[in-house]
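Survey of secondary and tertiary structure
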Amino acid sequence: MSSFALSAYILMWPVIVAIVLFVISRAFFREWAEARRNGEGMI
Amino acid sequence: MDGMETAQFSAVVVLGLLVFFYGGTFLLSTRIGKKTENADGYMTAGNNIGFGISAASMTATWIWASSMYASATSGYTYGISGPIHYGLWGALMILFIYPFGKRIRSVAPKAHTLAEVMYARHGRSSQLMLAGSNIVGSLISLMSNFIAGGVLISLLSPFNFTQGVFAVAAGVLLYTLWSGFRASVLTDFVQVVAMLGAVAVIVPFIFVAADFPAAFETGADNLTPQQGDFFSSEAFMEQGAPYIAAVLAYAIGNQTIAQRLFAVKQSLIKPTFVTATIGYGAMVIGVGMLGVLALYLGFEPSGGDLNNLIPEMAATYLPPALLAVFFIMIIGALSSTADSDLSALSSIMMADVYGQNVTGKEKANPRTMLLIGRLTMVLATAAAVAFASLQLSILDLLVFVGALWGALVFPVLASFYWEKVTSRAFTLSVLSALAVFLPVRFSWISVDGFFGLVVDVLSIIGVGVVLGLMVFGFLGAKPARIVGALAVVLTAPFAIGSLHEYATLSGSLVAYSVSTVVCWAMSVGNNERFDFAVIAERTGDFDDGSAAATALSEDAAPAAAGAGTPRRRSGDAEDPDGDPQPTGSK
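Residues numbered from 1 in each chain as written. Chains lettered and ligands numbered in written order. Predicted model: local features only at pLDDT ≥ 70, side-chain atom pairs only at ≥ 80, totals over all residues.

**Observations concerning the domain arrangement of chain B**
Residues and elements named next belong to chain B. Basically, it comes down to this: The start and end points of each domain follow an automatic or database-based domain assignment. We call two residues in contact when their backbone-placed C-beta atoms lie within 7 Å. A helix here means a DSSP run of H or I that spans at least four residues, while a strand means a run of E at least two residues long, and both kinds are numbered starting from the N terminus. Each residue gets one label: Ala, Val, Leu, Ile, Met, Phe, Trp, Tyr, Cys and Pro are nonpolar, Asp, Glu, Lys and Arg are charged, and the others, such as Gly, are polar.
Partitioning chain B into domains gives domain 1 (18-391) and domain 2 (418-530). Look at where the C-alpha atoms of domain 1 and domain 2 centre, and you get two points 29 Å apart. Contact residues are listed per partner, giving 14 residues for domain 1 and 14 residues for domain 2. Among the secondary structure elements, those contributing two or more residues to the side of domain 1 that touches domain 2 are helix H5 (82-107), helix H7 (124-156) and helix H11 (233-253). Considering every element that reaches the side of domain 1 that touches domain 2, the biggest residue donor is H11, with six residues. Residues belonging to the side of domain 1 that touches domain 2 are distributed by class as follows: 10 nonpolar, four polar and no charged.

Rendered as structure tokens:
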């Protein structure tokens, strides 16, 4: 594999991790806001 | 790089980080703490948690310190494909279990443990087999996480291993003890944010700090042809293949997964499991890439101990602030799994031992259950700390337990779909699988002659069973049979005469095949049909039972009042071994 391909191969994982982090965090805060609006606990 | 000095934190800094982490998680857990906790909430948070928390919790629980260390070790040992052969298959464990998870929730929407469902399906022997294997697995996992914490703290601070183990054990117990599973899943969100955020920053930082991509050119000679090959057969046979065989076994045998399966809203099972699959895979493979970078750099971990690889890479290339983030990442990873193990163990003792076998579901007192759950956490922590001092080989123990779980996979899954599976078929199939697995795994019988041929044939059938079950979850019985048969036909020419040489792999595969063949053979002629609707009736909330009502109204119900045999519904048949038989059998 070329250096460019190896670099992309190594660095793609932190990018995917960041995307998953965004998805989970967005869902968490939406649920938190909804629970507060309804006067309920999240768990 | 041999002999490179690693940066260390002072005692004050490490204490500060531990107080910050465990103090913070404890304060967070107090936000949801109730003066009077609910037994069902303590085990499954009311079966109704949302996507954000459940996906975070599933991801955090499945990522533990050992998975990061092992992935990096795989990258360092097998080269550029190494982290894939660790992280991808681990991630698929989550993905492949979700269709089965949907089925399990549909027949037992309010259950707490898989073993509890097995009690409702078959009776006591199958329940105790599953619960026993869950307990062993969770204790090993707990011990492993404490060991990882002790090693990390001793490596990066003046504190020794034992002090590190005690600090981690006390910290995890502190925030989990009162609210149980509810505290575990809430703190998992914070921990997963810390872990994922750390990986998103640390891996690119080390990449640049270690002079990549230029080091790909200068360090290319450090790799063997196999290590430089993305399709390395060595990496597949020695790392990937045994993990593929364990994909379903770990998901079935691990109560931490089942607990989250029963906790999440039923409609959110699929997005939760898919997100956790991607999150786990990317995180673990990403950390594993540090092992690949170390290989290119010619980095030598001190003492040749590959467990030192990640901490020493971090200590070498990260500035103090990011090293502190790395420290929190590892502590977060091991703590999130350890608190899940404590919650799993407490649920098993509450629901399976006390709730189903001591008092019976209807007479179980939720307050006594809570007391048992909390005592279990304290005792399990003490046991894991004690075992940690023995410094057993964690990887060997996990591989062994994983193969043991392989014997349970087909009987457990078939019990949720096939009305013909009986308690006797379940029990005998698991026991016979273990009877073949043990001599194969530990080479008690020479595999040079005829027995080797038998092992090869059984292993090939095991390949068909594993792949067939994976396909069955998504596509149903017919495609599963086709894939299973094709797998056997295609594998046979290569595997006959050689598969028995891989004791770990063939041991796991024979566990699958023997349990499947025996379970099928003992069930196929059975004329009785189980009514799956019975399971939902037998696995409802404990807090709704008559003892719960008594406890609430009288405020002091005697814990053991009425302790005895489980109450039977009219029409329940009596099994010779004392187990309840399904009312719906006909």
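There's plenty left to go through after this.
**Here's the deal with the interface of chain A and chain B**
Each side of the interface is counted separately: chain A has 22 residues, and chain B has 36 residues. Tallied by class, residues from the side of chain A that touches chain B come to 17 nonpolar, four polar and one charged.

**Things to note about the environment of Asn38 of chain B**
Of note, Asn38 of chain B is situated in the loop between helix H1 (11-32) and helix H2 (39-44). Measuring from C-alpha to C-alpha, the distance between Asn38 of chain B and Asp543 of chain B comes to 7.1 Å, with 505 residues separating the pair along the chain.

**Thoughts on helix H4 (residues 65-78) of chain B**
Residue and element names in this part refer to chain B. Threshold: One less than the residue count of a helix, multiplied by 1.5 Å, gives the span that helix is expected to have. Any residue surrounded by 20 or more other C-beta atoms within 10 Å of its C-beta is treated as buried, while 12 or fewer makes it exposed and the intermediate range makes it partly exposed; C-beta atoms here are placed from the backbone.
With 14 residues, H4 should reach 20 Å at 1.5 Å per residue; the first-to-last C-alpha distance of 20 Å fits that figure. Among the 14 residues that make up H4, 13 are buried, leaving the element largely enclosed by the rest of the structure. Immediately downstream of H4, the backbone of Gly79 shows phi near 85°, a positive value.

**Here's the deal with the nonpolar core**
Residue and element names in this part refer to chain B. Operational definition: When buried Ala, Val, Leu, Ile, Met, Phe, Trp, Tyr and Cys residues are joined through C-beta atoms within 7 Å, the set is termed a nonpolar core.
Within the largest apolar cluster, 210 residues are counted, with the highest numbers of intra-cluster contacts made by Ile94, Phe146, Met195 and Val409. Among the elements that line this core, the one with the most residues is helix H15 (residues 320-358), at 19 residues. Two domains share this core, each providing at least three of its residues, namely domain 1 (18-391) and domain 2 (418-530). If we ignore the near neighbours within four places in the chain, the residues touching Met195 are Ala60, Ile63, Met283, Met329, Gly332 and Ala333.

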